Amino acid sequence: MEDKKFMTLEDLTALSQEKYMEILKQNQIKSLLRAIGLFPDQTITNDVLILSQNPDAICVKRMKEWNFYKRVVKKAEKAIKVVSHHIENFNQDFVDEKGNEYSQEMPKLICDVGFVFDISQTEGKDFEYLNSNKETIASHFETVKKALESTAKEFTFEYRNQDSNSEVDWENKVVYVKDGLSVNELIEDVAAILLTTRHEEGLENIGEFERNAVIYAVSSKLGLDLPEYDFSVESLNDEGLNKLKGNLQKVRSVTKQMLSNVENSIERAIRNLDKKMQEQEEKLEQTTEQETPKKSKAKTKSKDIEREVQ
């Protein structure tokens, strides 16, 4: 990446487009889908910028956000430059019907150069929310399953003994799922439903590209085995690759929706489990404190009896 001390918003936007085309032409689309999964709160533009500046990044936040989690940026670490969107309030002057002038605070969307850091660039308190892996998913299977089901709003899930892995009744909005199905298959069903209920963007007639892309992105974030999908886009010219960004935006939106539900549910489950364990420890401590005076009393009484016998 070109190292400019003062990179403008225009510089970043142009760089993102250049790197985007480079990634696709070099058939590195799986790396981009992984970034979409790892950074669901970012835009496609920022996914490309993060991937270009730090290919090994797994969790990025602004310095203030890391400070909130009791982590600080290490010395000499360079920030990852991204396009930042935030709301700022401005005073705007108005004139009413009677000609009276007044000022009112109005929100405005601001676009500027932003700076984020990967967790590997920080140190401090353990970041307990970096918890997506196969072991976590397995230990919170029911939680994950319910989170995925609730993401497909208006659809109900029924589990039964059947030959096919799943069948979707679009008219009645029911998903019939084979008993014993894993999280991976459930991700496939929910991805298909969410994509179908969104408006079309990007290229048309690209088969199961979007569904497979969502599955790959979500699986990347959750630490699940990655499917061997072929995302080759060699047949597309520059115009087609630019249009494909619309499809990827749709993929990013669905990925974010699914991951937000799953990760928030896991975090709540972990917090509730920690709370229960803490309550049990406190109860045990209280019981121990209550029993200690009784034991001391019993010891004293025992010694008094021994003296009387002597």
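In case you missed it, the structure is sitting above this.
Not measured: the values here are computed from a predicted model. (Residues numbered from 1 in each chain as written. Predicted model: local features only at pLDDT ≥ 70, side-chain atom pairs only at ≥ 80, totals over all residues. Heavy atoms only, no water.)

Caption draft 1: Main features of the overall build of the protein chain. Across its full length, the protein chain holds nine helices and eight strands. Of the contacts formed within the protein chain by residues at least 6 apart in sequence, a portion of 66% connects residues at least 24 apart. Of the roughly 19,600 Å² that the protein chain leaves accessible, carbon and sulfur atoms contribute 47%. (Helix = DSSP H or I, 4+ residues; strand = E, 2+ residues; numbered from the N terminus. Contact = heavy atoms within 4.5 Å. Areas by Shrake-Rupley, 256 points an atom, 1.4 Å probe, with all protein chains shown as cover.)

Caption draft 2: Representation of the nonpolar core in the model. The biggest cluster of nonpolar side chains holds 51 residues, and the ones touching the most others in it are L24, L33, L148, I187, L244, L248 and M258. Only α1 (9-25), α2 (29-38), α3 (44-53), α6 (141-151), β8 (174-178), α7 (183-196), α8 (209-222) and α9 (238-309) provide two or more residues apiece to this core. Ranked by residue count, the leading element in this core is α9, at nine residues. (Core = buried A, V, L, I, M, F, W, Y, C linked by side-chain atoms within 4.5 Å. Buried < 20%, exposed > 50% of the residue type's maximum accessible area, 1.4 Å probe, protein only.)

Caption draft 3: Region of interest: unusual backbone geometry. Even without being a glycine, N27 presents a positive backbone phi close to 55°. Within the secondary structure layout, N27 lies in the loop between α1 and α2. Using a relative accessible area of 41% as the deciding quantity, one classes N27 as partly exposed.

Caption draft 4: Quick peek at the sheet that holds strand β6 (residues 156-160). Here we have three strands laid out as an open sheet, ordered β6-β8-β7, and mixed in their pairing. For this open sheet the edge positions go to β6 and β7 (166-169), each flanked by a neighbour on one side alone. The average undirected angle you get between the axes of adjacent strands in this sheet is 20°. Of the strand pairs in this sheet, β7 and β8 are connected by four bridges, and their pairing is antiparallel. (Pairing = 2+ DSSP bridges. Axes fitted to C-alpha atoms, helices over the stretch in contact; angles between N-to-C directions.)

Caption draft 5: Structural detail: the packing of α1 against α3. At their nearest, the axes of α1 and α3 sit 9 Å apart, and the two run at 75° to each other. What the angle tells us is that α1 and α3 run roughly perpendicular. Here L12, L15, S16, K19, Y20 and I23 of α1 lie close against α3, whose contacting residues are T45, V48, L49, L51 and S52. Of the residues that constitute the contact of α1 with α3, the class distribution is seven nonpolar, three polar and one charged. (Parallel < 35°, antiparallel > 145°, perpendicular 65-115°, else oblique. Nonpolar A, V, L, I, M, F, W, Y, C, P; charged D, E, K, R; others polar.)

Caption draft 6: Representation of the pattern of salt bridges. The final tally for this structure, using the stated rule, is twelve salt bridges. Among the salt bridges present, the one from E167 reaches R160, with a minimum N-O distance of 3.4 Å. In this structure E167 comes out as partly exposed when scored by relative accessible area, which is 36%. Residue R160 is classed as partly exposed on the basis of its relative accessible area, which comes to 33%. The salt bridge involving E208 is made with R211; its shortest N-O contact spans 3.3 Å. Among the ionic contacts, a cluster of salt bridges with common partners joins E188, E208 and R211. (Salt bridge = Lys/Arg side-chain N within 4 Å of Asp/Glu carboxyl O.)

Caption draft 7: Looking closely at a negative patch on the surface. Together, E279, E281, E282, E285 and E289 line one region of the surface with negative charge. Topologically, E282 is positioned in helix α9. (Patch = residues over 30% accessible without salt bridge, like charges linked within 9 Å, V, L, I, M, F, W, Y side chains within 5 Å. Lys, Arg positive; Asp, Glu negative; His and termini not counted. Charge placed at Lys NZ, Arg CZ, Asp CG, Glu CD.)

Caption draft 8: Region of interest: the packing of aromatic side chains. This structure, assessed with the given rule, holds seven aromatic pairs. With a centroid separation of 5.7 Å and 85° between ring planes, the pair formed by F209 and F231 is classed as edge-to-face. Of the two residues, F209 is situated in helix α8 and F231 in the loop between α8 and α9; the sequence distance between them amounts to 22 residues. Of the residues examined, F209 reaches a relative accessible area of 10% and is grouped as buried. The exposure class assigned to F231 is buried, which follows from its relative accessible area of 3%. (Phe/Tyr/Trp six-rings, centres within 6.5 Å; stacked < 30°, edge-to-face > 60°.)

Caption draft 9: Molecular detail of the environment of A152. Structurally, the position occupied by A152 is in the loop between α6 and β6. Taking C-alpha positions, A152 is 9.7 Å from K173, a pair spaced 21 residues apart along the chain. Ignoring anything within four residues of it in the chain, the contact list for A152 reads F157, V190, I193 and L194.

Coordinates in, geometry out; function isn't part of it.
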